[in-house]
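The lines below spell out each chain.
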Amino acid sequence: MNAAQLPPVAPEVTATLVEDLSPRLRKRLDAAVTKLGARPTHRDGDTVTIAVDDETELRLHAPGGTVATVDAITCGCLLAPACVHRAAAACAAPTADPAPDPDAESAPETAPDPADQLTAAPSGPADESASDPVPGPAAASTPASPPEAASPPERAAADALWSAGAAVLEAGVDGAGAVTQSVLLRAAHTARLRNLPRPAGAALSVVTLLRAARSGDPSYRTADLVTALAELLGTAHRVGTAAGAELAAVRGRARRPYSPEGSLRLYGLFTEPVVTDSGHGGVRTWVAAPDGRLCTVGDVAPGGAGRALGVADRAVRLGDSALTHRELGRAGLAVSGATVSPDGRLGAGKGVKAVTARGAAWTEPPLAALWETPPSEQAARALRSTSRYADTAGGGSDLLFLEVELLGAVREPDGVCLLALCGGGIAVRLAVADDDPALAHRDNLMLLAAAPGTRLRIIGRLVPAPHPRLTLLACSHPAGEGTVDLGLDRLRRADLPDPAAPVHLAPAQPGDWGADSPLHLLERRIDQTVPAGRAALGMLGDVTAEAARLRRAGLPTAAGLLTALCASAARRERDHFGRLLPADTDGFATNWLTAARYSAAVAESLCAAAWEPR
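So, how was this worked out
Residues numbered from 1 in each chain as written. Predicted model: local features only at pLDDT ≥ 70, side-chain atom pairs only at ≥ 80, totals over all residues. Heavy atoms only, no water. Helix = DSSP H or I, 4+ residues; strand = E, 2+ residues; numbered from the N terminus. Salt bridge = Lys/Arg side-chain N within 4 Å of Asp/Glu carboxyl O. Buried < 20%, exposed > 50% of the residue type's maximum accessible area, 1.4 Å probe, protein only.

Asker: Would you mind showing me how to read unusual backbone geometry here?
Answerer: The phi torsion of most residues other than glycine is negative, and most of the peptide bonds are trans. Note the cis peptide between Ala-80 and Pro-81, where omega equals 5 degrees. Cis rather than trans, the peptide bond between Pro-365 and Pro-366 has omega equal to 5 degrees. Secondary-structure assignment places Pro-366 in the loop between strand S9 (353–357) and helix H11 (375–386). In this structure, Asn-195 is a non-glycine residue whose phi angle is positive, near 60 degrees. Structurally, the position occupied by Asn-195 is in the loop between helix H5 (178–193) and helix H6 (197–214).

Asker: I keep staring at the pattern of salt bridges and nothing clicks. Help me out?
Answerer: Two side chains carrying opposite charge are able to pair once their charged atoms lie near each other. Under the defined criterion, the tally for this structure stands at 30 salt bridges. Close ionic contact of Arg-251 with Glu-148 constitutes a salt bridge, the shortest N to O distance being 3.0 Å. A residue pair is termed long-range when its members are at least 10 positions apart, and Arg-251 in helix H8 (residues 244–251) and Glu-148 in the loop between helix H3 (84–92) and helix H4 (152–175) qualify at 103 residues. Owing to a relative accessible area of 36%, Glu-148 belongs among the partly exposed residues under this scheme. One salt bridge in this structure joins Arg-251 and Glu-154, with 2.9 Å as the shortest N-O distance. Remark: Glu-154 occurs in helix H4 and Arg-251 occurs in helix H8; sequence separation between them is 97 residues. Here Arg-251 falls in the buried class, since its relative accessible area comes to 5%. When salt bridges with common partners are traced through the structure, they connect Asp-313, Arg-326, Arg-330, Asp-485 and Asp-489 into a single cluster.

Structure representation (structure tokens):
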């Protein structure tokens, strides 16, 4: 049985079923989840049936696509309804993304400030500017109008989220089984009812990633769980300290609605294939408004790279337009009744009407203006969008628009990238956006690497790194006519301005201070905590030499955080009789969060500094 074959289950349903188990059955829950995952399933309308054994069936009833009540999961075994099977099925199923509860306590409709960050990124490589990643209390306002603070129920919900997240860090992935996950789900449900959708969503993300890690999902990445845990702990902490607009940003929004935009005149930029680890495929077409705002029209569904290639030549789902995605990337649209989501997606509701209009070349207004912004300003804007702990309602784009001169290929440990020179004397590395052999990215990059000296306009996606780096998505045609969607269109040698030279692979050159920074010494300890928990980190040995190296590199705060993190992981106090006392999970979680937020802030600062003109 694959978890995707089961209907999603509401978080409170899973939490309730686990809480109702006896202590003996809770100990057997993880084994029951694994055993149930190997059993066959059958779907009949809104009901999914699992064959527990040859004589017993378990049913999940999901009207509307979601298991919304405890009674919707039934089992035919003799111990039902107090059996372990119902809870195991809920734990094996995906977690439903809950809709806002109409009975939840009301919260003010205050839009989060897009510029608000969970941690203030340093303005340059200087280490001390990011020494306090866990924010303190908000500055007091005038006595006449004190900013709104969190209510006692909100603080209690945030405390429960903090405790649940700290328990995950204590146990690690290996120890964070179904019972630990159910505590997180209960805390997430309570937080949602207390109008804290952002931290509640972070808790659900942690549960999803824990399940992916424990099931051996190939798409799981430890870095994703590190980010989700830091988001959970950071927002839970800030509920108790934030006020006013900061508190509104920490609360987040339960919905990300499409807002009406009236009439829009849009100009196509390019189309990129989208292929996900979960087996989905499709395309996303980028368009720009006259003021430079970017929007997207997408079509992604199960199907992988094959579907992505096919969908590119299907009509765009927007109004009455007959344009395909490829055509829209080079043409224009006039849209009336337009709706746009906070992240720039164009809605395709019944009231939206769209007709084909004239497009614009990249060298013509209004598109030409996208290439006129200095690379450093574009990188700073994109970095705000890609920041690990950016406000989720902030919107923004991670695309950069550069004029470059190709220099050739550079060999890196993970493969080959294309080196190019852009404005300000900045050498930028252009990497492949997707290595799937069905897509054209790799072949096109290698062909462009054989044409040093070629000047192009390119569009790429920022890759946060201590050196300028993009994934290459589109470029002007080397022959000077039109544009190339580098994931879909295939260049030929005849398209290059001169006969293609053999590709010369130069070794990667030593980078600047940021590229050689030993910040990874702290980052790897942060990452090592997640799989195995606090105790495992405490047994990894002395870090005096690593801390000394960080200090020599001008990172004394990183050295102090590394020392404090590892010391708190190993520390176990004893009572007067020599017996070990319970570990200080809150203290360790605070040290881990501070280190995680600090390392992210410094890494982003190094990335921004790398894009400054030489």
